Structures are given as structure tokens and as C-alpha cells.
Amino acid sequence: MTGNPFPNYISGTWVCGNNVAANINPSDLDDTIGYYAQASALQTAEAIECAAAAFPKWRAISPLVRFEALDRIGSELLARVDEMGDMLAREEGKTLPEAKAEVHRAGHLFKYFAAEAYRTNGEMYQSLREGVSLKVVREPIGVVGVITPWNFPLAIPAWKIAPALAYGNTVVFKPAELVPASAWMLSDIIARAGLPAGVFNFVMGTGGDVGGAIVAHPDVSGVTFTGSTPVGRKIGAALFARGAKMQLEMGGKNPLVVLDDADLDLAVHCAIQGSYYSTGQRCTASSRLIVTAGIYEKFVERLSASVKKLKVGDARVSTTQIGPVVSKAQLVQDKKYIKEAIADGATLAAGGNDVTSTTPGYYLSPAVFTDVSPKSALVRDEIFGPIAAVLRVSDYDAALESANDCEFGLSAGIVSRDTAKIDHFSQNSEAGMIQINLPTAGMDFHAPFTGRKGSSYGAPEKGSYTREFFTAAKVVHEGRG
Ligand code: NAD
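Residues numbered from 1 in each chain as written. Predicted model: local features only at pLDDT ≥ 70, side-chain atom pairs only at ≥ 80, totals over all residues. Heavy atoms only, no water.

## Points about the pattern of salt bridges
No. 1: Evaluation of the coordinates by the stated rule reveals 24 salt bridges.
No. 2: In this structure, Asp71 engages Lys111 in a salt bridge whose closest nitrogen and oxygen atoms are separated by 2.9 Å. Of the two residues, Asp71 sits in helix H2 (residues 63-79) while Lys111 sits in helix H4 (residues 96-116), which places them 40 residues apart along the sequence.
No. 3: Residue Lys111 is classed as partly exposed on the basis of its relative accessible area, which comes to 25%.
No. 4: Lys421 is the salt-bridge partner of Asp418, the closest N and O atoms lying 3.2 Å from each other. (Salt bridge = Lys/Arg side-chain N within 4 Å of Asp/Glu carboxyl O. Helix = DSSP H or I, 4+ residues; strand = E, 2+ residues; numbered from the N terminus. Buried < 20%, exposed > 50% of the residue type's maximum accessible area, 1.4 Å probe, protein only.)

Right, here's the structure in full:
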């Protein structure tokens, strides 16, 4: 190991952890980005206790102070889009344009929530009793645990940390193990934004040690989590058992419905963008392409031809369209699903192979499957890789039924010119977010982000809706003294 490891940040001080972990570039396994501190459960508890001690002062501080700190963080992110985008692409493997767009989004999320600090935080009611006044105030909940996944190393932390601080909570942030560098750079910016010591704390480490300590600690009033459904359900049960608040954003297996009347170019564009960009590693990726019989053959032919042309390679090379898979474990999982799907009788119409690049990395060509069984693991499990299954259905009704036949309900798309069917789909899809003639991935950051069924639990994230999680209502009746 060369150089000092990147430390954790607790109570206004940068501190070493118990251990360190290497951060490796998935586009080039010879490139070690750095070594990052790993906190123990004990150190995490210390961070939580510091956050609890800082809460009374922070909740009472002027909204102007909160605005200024969050706005400053947003400005620095926006000023460093190129540099931070490069690091994000290097450690996570999404392409440079995608990575830079994410930094830009994170900057604007801080600016959005900076302004939220100013917004009125309560309501007046007319009491049913004469001479009594009645108001509802929103109060911060206390210490918020922020637990995030690897696939959006800046945007997801931004849309959790910014509202937590804006509404007057203090924070303990635990990033995903695979992406400490982006999280560290963000934390460094937050550490210099003028927050009192203990308001923001940053602890890197494993889900079991650090995440588990956050979930279990009685001083943590609520946890905002994004990650897989099994982990979300597990921590949700633990939080419920001790009466803590939770906001859980979890997995997806999102359908893109293509009807006979669709513009074929648009349908293929939506499928490619939604299924394969960011290497298919988006919770809103369209991994089920549900296509009606009249357009099916043309769609499969065009999609397969286009997928074969996608340039897979180093995330930071300008010609690359699809970066590497994020890790060896994820690559092994993706290839296992491909192998099992072929063994189950599905047809691999394109891709699904190892790709050699100029550097050793976790490269996989985007895969298109046809002739898949609707009950197969390929169609039912969230794979989280550049793999999509095309399902042939007879008509719109069968397409809607197939789209809803899923344990998840995050995003759902439809490509069609038929306004009646589009309206019907919007109303009857069991997903929380609908995309019409657009890819299933790619949401505006000022609107709520929310799923149903196995995808989400608790208040939506982003936009003003997220206030529901980060604050608690208090009802105040006042009679004449
Ligand atoms: P993951 O569930 O493995 O981990 C998410 C976070 O939880 C990580 O920080 C991890 O260290 C932590 N963790 C793991 N075990 C824990 C435990 N026992 N206690 C506390 N914390 C624990 O998910 P991942 O592999 O990092 O991310 C991919 C998943 O995230 C996919 O399922 C994807 O769909 C989902 N995701 C969902 C959304 C959404 O908004 N719905 C957005 C992005 C990603």
C-alpha cells in the first residue's frame, strides 16, 4: 500500500479506521485508486453519538445557515464536474458522460434542498372549538442514517444527505463498499461547508459492521436506505422492531412495453438506453422488453443488430458506450444468469460474451435473450447487469398483464402512439413511475422517486415528498391562557 488511507470523518475530525480496503478500477484491474478506512461497529457508534449531540443545536439553527451550507456544497460539486466525474467513472465504471451528468445532478440536488430549508414547515387549521388555535408543525426527526448502493455513488447520497440536513437532522453516512472515492470527495466538500462539528459524519466499511451498527443504534431515529430488496427487507425488520423510521428504495425488474403501432426507431432507442446504458446497472433499467406480436420480429432484429454495434470498453475512453460491470462478483452473477438461461432453452440473440479491452477489466457484451419462459429466473430476478429478455405477447392486454406479473414495481415504460392504451397503461401499471415513449431509466430530480410492491417502502425520495420521511408532524392546540 502506498500513501495514507483516506479516513472517516467523525465530529468534525478526519480519523483512521480499524482497517483499510483497496478501491480497484473495474475498467483496469491494475489501477488501484486508493485505500479507504474501514470503521468498526464501535467507531460507527461514536459517530452516531456525536451526531446525536450535535442535533439540538442544528435543529434550532437559522434556515439561512442551512441554506448557505447546502448551496456552497452544490456550487463546489458543479465547479468540479469534470474532476469528480472522472473519479466516478474510474471507480464505478459508468461512462464519462454518464458520470459527469451524475455529478451535475448531485450539485443541483444540493441547491434544490438548500432552498427547501427556507420553505414554510407547517400549517394552520381552524379549530373546531371556539377560542382555540390549531397548528401542525414539522420537526426534524434527529439522527438520520444514510446507507447507499454503489450504482449512483454521488446522486443517491446527495438526495438523502441534502434533505436530511435541510430539514434540520444530523447525519451518519455509510457509502457502498465498492465506491468510497466519490463518497469521500463528497464528504470532503461537506466537511468544508461550514456545518458545526457532528452535524455530518462519514463512516466507510461493510454492510454488516457499519450498516448493521447504524440500523441497531437507539440514537438513530430513522434510516434512509437504497439497495437490494433482500437487504432492505432485513434492515426494515430490524428498524421496525425498535420503532425507528425508514425510507427504503430497493430493487426493480422494469418492463418496457412495445406495441404494434410504436415507432420502431424510438422503441429500439428506448430499449437500448434503458436496458444497457450504465451497463444495465440501474434500478430503473428495463430488463423485460414486452413486445406485441405484430412488431416483435422487426423489433428483435433491429435491437439485436444495434446491440452488437455498442462499443464496450474502458469507462473513461471517449468512444466507449458501455463500461465494465462493477465487480468480479457482479460479473460472475451476470454470467451465471446467462448460462442458466441458455440451459433453460432461451435463445441468446446477441452479446453475452466476455470482451477483451486494452486493459484487464470486467467486460461483458450486452445480451439480448428471446424465447424466454415468463417463469424463468431471467425474467423474474433482478440481475443488475447488461442483460434483457424480450417477451412476445399477443396484444396490449397481455402486455399489461405481463408487465404487472412481477414482485417489483419501480418503473414501467410504454412505446406507442395509441393515447387510449397509453392512458390505460398509466392508470393500471403497478409501478410507481411511468415513462411514455421514453426509456424506463432517467427521472427528473425535483420530482418524487417512488416504487411499489417489492421496490419501495416508506415515503418517496426527492422533491418535496421526501419531507415526509425527514420530518415528523406535531399537532399543537392552544386555548386562551
Ligand atoms: P446492497 O443491498 O447490497 O447494499 C446497499 C447498501 O447496504 C450498501 O451500503 C451495503 O454495504 C449496505 N448493507 C448491506 N448489508 C447490510 C446490513 N445487513 N445492514 C445494513 N446495511 C447493509 O445493494 P448494492 O449491491 O449496493 O446496490 C444494488 C441494488 O440497489 C440493486 O438491487 C438496485 O436495484 C438497488 N437500487 C435501488 C434504487 C432505487 O432507488 N430503488 C436505486 C439504486 C440502486
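## So, the packing of H2 against H4
No. 1: One can describe the packing of H2 onto H4 by two numbers: an axis separation of 8 Å at closest approach and a directional angle of 165°. With respect to H4, the axis of H2 lies roughly antiparallel. Seen from above, H2 lies across H4 with left-handed handedness. Contacts between H2 and H4 involve Phe67, Leu70, Asp71, Ile73, Gly74, Ser75, Leu77 and Leu78 from the former and Val103, His104, Ala106, Gly107, His108, Phe110, Lys111, Phe113, Ala114 and Ala115 from the latter. (Axes fitted to C-alpha atoms, helices over the stretch in contact; angles between N-to-C directions. Parallel < 35°, antiparallel > 145°, perpendicular 65-115°, else oblique. Left-handed = near helix turned anticlockwise from the far one by under 90°. Contact = heavy atoms within 4.5 Å.)

## Looking at the domain arrangement of the protein
No. 1: What the domain assignment reports for the protein is domain 1 (8-250 + 455-479) and domain 2 (255-436).
No. 2: Relative to domain 2, the C-alpha centre of domain 1 lies at a distance of 31 Å.
No. 3: Each partner contributes residues to the interface: domain 1 has 26 residues there, and domain 2 has 28 residues.
No. 4: Surface buried jointly by domain 1 and domain 2 totals about 2000 Å² across both partners, of which 56% is contributed by carbon and sulfur atoms.
No. 5: On the domain 1 side of the contact with domain 2, Ser27, Trp150 and Ser455 bury the most area, a combined 25% of that side's loss.
No. 6: Our count for the domain 1 to domain 2 interface comes out at 1 salt bridge.
No. 7: Scanning the region where domain 1 abuts domain 2 turns up 11 residue pairs in polar contact (both at pLDDT 80 or more).
No. 8: Breaking the side of domain 1 that touches domain 2 down by element, the ones donating at least two residues are strand S4 (28-38), helix H3 (81-92), H4 and helix H8 (229-241). (Domains from an automatic or database assignment. Buried area = accessible area lost by both parts, 1.4 Å probe. Polar contact = N/O pair within 3.5 Å; in protein donor to acceptor, adjacent residues only side chain to side chain.)

## As for the packing of aromatic side chains
No. 1: Tallied over the full model, the rule gives 12 aromatic pairs.
No. 2: Their ring planes at 40° and their centres at 6.4 Å tell us that Phe173 and Phe200 sit as a pair that is tilted. Of this pair, Phe173 sits in strand S8 (residues 170-174) while Phe200 sits in strand S9 (residues 200-202), and the two are 27 residues apart along the sequence. Note on accessibility: Phe173 and Phe200 belong to one class, buried.
No. 3: Here the guanidinium or amino end of Arg66 rests over the ring plane of Trp58, the centre of that ring lying 5.9 Å away. (Phe/Tyr/Trp six-rings, centres within 6.5 Å; stacked < 30°, edge-to-face > 60°. Lys NZ or Arg CZ within 6 Å of the ring centre and 35° of its normal.)

## Describing the sheet that holds strand S19 (residues 433-436)
The strands making up a sheet are joined through hydrogen bonds of the backbone, oriented either antiparallel or parallel.
No. 1: Strand order in this open sheet of 7 strands is S14-S15-S16-S13-S12-S18-S19, and the pairing throughout is mixed. Looking at strand neighbours, the two that pair on one side only are strand S14 (347-350) and S19, the edges of this open sheet. The mean angle between the axes of side-by-side strands here comes to 25°, regardless of whether they run parallel or antiparallel.
No. 2: Here 4 bridges tie strand S18 (residues 411-415) to S19, and the two strands are oriented parallel to one another. Bridged to Gly413 within S19 is Gln435.
No. 3: In this fold helix H9 (residues 264-276) packs onto strand S12 (254-258), strand S13 (286-292), strand S15 (367-370), strand S16 (387-393) and S18, with an angle of close to 160° to the strand it touches most, S13. (Pairing = 2+ DSSP bridges.)

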